[in-house]
Structures are given as structure tokens and as C-alpha cells.
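# Geometric and topological summary
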Amino acid sequence: MEEGTKSKKTVFVGGLGEDMDEAIIYETFSTFGDIIEVQLPSAVVDPNRQNEPKHRGYAFVTFGSPADAQDAIDNMDMNELKGRILKVNLARPMKGPVQPMGNRAVWESEEWLKEHVKPLAQSGGVKGRYASEEGDEVDGKPQDDNTMEE
């Protein structure tokens, strides 16, 4: 299946309460057509905290056809489900490349570090700075004599 076609069949459902699960979403939205998949992204759960939410408050429902997805949007957007007002629209693909590391900083990757970071002595870091202040050599290379005379 082509990715653009799938996105026109998938709707975003926002504003879900904590008591919602995939079965309730499936039951509610199945009246608009055949459902291929219901995704309810889970929140990061810390077993030490019992009062954290179980999911992120939104879901994605993939229908068998774009017409069914549009029917769900037309009928459920700004409607109430279990006391919560839902926001229902076409799901949009994520912007930018999907990062396999998730939300980690790029410099936490060993590959990025090997490619972009120099050893401290070569980068003019602390060792290089002190050596140049003293007029010493760093790694056998003479440093500029920019020292202040006392």
C-alpha cells in the first residue's frame, strides 16, 4: 500500500480520556466503516508512579477506505465521547525523518561523536589552551607564543 493512500485512510482522534482503550475506540468508530487498525500510543510508564496516564490522550484509526475515514471525521469531530470533546481529523505524516533514537540528542550517538568530535588536545580544549599559555608543545607541536610576560 502506498504511504499517501494510507494517510488518507487514517484519522487522528484527540482529546481522549484516561478511561478510553482500543476496544472502546474501535466500537465507536466501526459504525463509519471497516477498521484496519486502532493505535493508542501509550505514555511512558514509571512503575513507581501509579497515577500517570496509561496513554497519551490521542489515537489513530485506520479505515479500509478514505470515504469511511471522511465519514468518521464529519460525524465525530467536536462531538462528545464519555464526557470529552473529541478532535477528529486526517492524520498527517510526521515531519522530518524518523529518528531511530527517539528523543535523544544527536551527540548521544557513538556514530555522531566519532564523526564530529576531535580529541581534546586536537580541538584546542583545556590541554591545548594551557599549553599555549605556557608556550609548551602539545602532541610534539610547538604552540603560538601568545603568553603574557610577567
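What counts and how
Residues numbered from 1 in each chain as written. Predicted model: local features only at pLDDT ≥ 70, side-chain atom pairs only at ≥ 80, totals over all residues. Heavy atoms only, no water. Helix = DSSP H or I, 4+ residues; strand = E, 2+ residues; numbered from the N terminus. Buried < 20%, exposed > 50% of the residue type's maximum accessible area, 1.4 Å probe, protein only. Contact = heavy atoms within 4.5 Å. Areas by Shrake-Rupley, 256 points an atom, 1.4 Å probe, with all protein chains shown as cover. Patch = residues over 30% accessible without salt bridge, like charges linked within 9 Å, V, L, I, M, F, W, Y side chains within 5 Å. Salt bridge = Lys/Arg side-chain N within 4 Å of Asp/Glu carboxyl O. Core = buried A, V, L, I, M, F, W, Y, C linked by side-chain atoms within 4.5 Å.

The name given to the chain in an unreviewed UniProt entry is RRM domain-containing protein, and the organism recorded there is Leucocoprinus birnbaumii.

Quick look at the overall build of the chain now. Per the secondary structure count, the chain includes 5 helices and 8 strands. Each helix and strand of the chain, ordered N terminal to C terminal, gives the series α-β-α-β-β-α-β-β-β-α-α-β-β. Split into buried and exposed, the 150 residues of the chain put 27% on the buried side. A sequence separation of at least 24 residues applies to 56% of the contacts in the chain between residues at least 6 apart. Carbon and sulfur atoms form 49% of the exposed surface of the chain, whose accessible area is close to 11200 Å².

Residues W112, L113 and V117 make up a contiguous nonpolar surface patch of about 230 Å² in total accessible area. You can see W112 is positioned in helix α4 (residues 110-116). A residue is classified by how much of its surface remains accessible, and W112, at 30% relative accessible area, is partly exposed.

So, on to unusual backbone geometry. Residues other than glycine seldom take positive phi values, yet M78 does so here, at roughly 65 degrees. Considering the arrangement of structural elements, one finds M78 in the loop between α3 (66-76) and β4 (80-81). Of note, the phi angle at K82 is positive, near 55 degrees, even though the residue is not glycine. Structurally, K82 is set in the loop between β4 and β5 (84-85). The class of K82 is exposed, set by a relative accessible area of 52%.

Counting residues in hydrophobic clusters, the biggest one holds 21 residues, and the most contacted among them are I25, F29, V61 and F63. Elements represented by at least two residues in this core include exactly β1 (10-14), α2 (22-29), β2 (35-39), β3 (58-63) and α3. No other element matches the 4 residues that α3 contributes to this core. In this structure, V61 is in contact with K9, T10, V11, V13, I25, F29, I35, E37 and V38, ignoring residues within four places of it in sequence.

This brings us to the pattern of salt bridges. Two side chains of opposite charge can pair, provided their charged atoms sit close to one another. Overall, the coordinates contain 1 salt bridge when judged by the stated rule. K87 is paired through a salt bridge with D77; the nearest N and O atoms lie 3.8 Å apart. Highlighted residues: K87 in strand β6 (residues 87-90) and D77 in the loop between α3 and β4, separated in sequence by 10 residues. K87 sits in the partly exposed class, given a relative accessible area of 40%.

Looking at the secondary structure, you find A59 in strand β3. For A59 and F12, which are 47 residues apart along the polypeptide, the C-alpha to C-alpha distance reads 6.0 Å. Residues in contact with A59, not counting those within four places in the same chain, are V11, F12, V13, L16, I25, Q39, L40 and P41.

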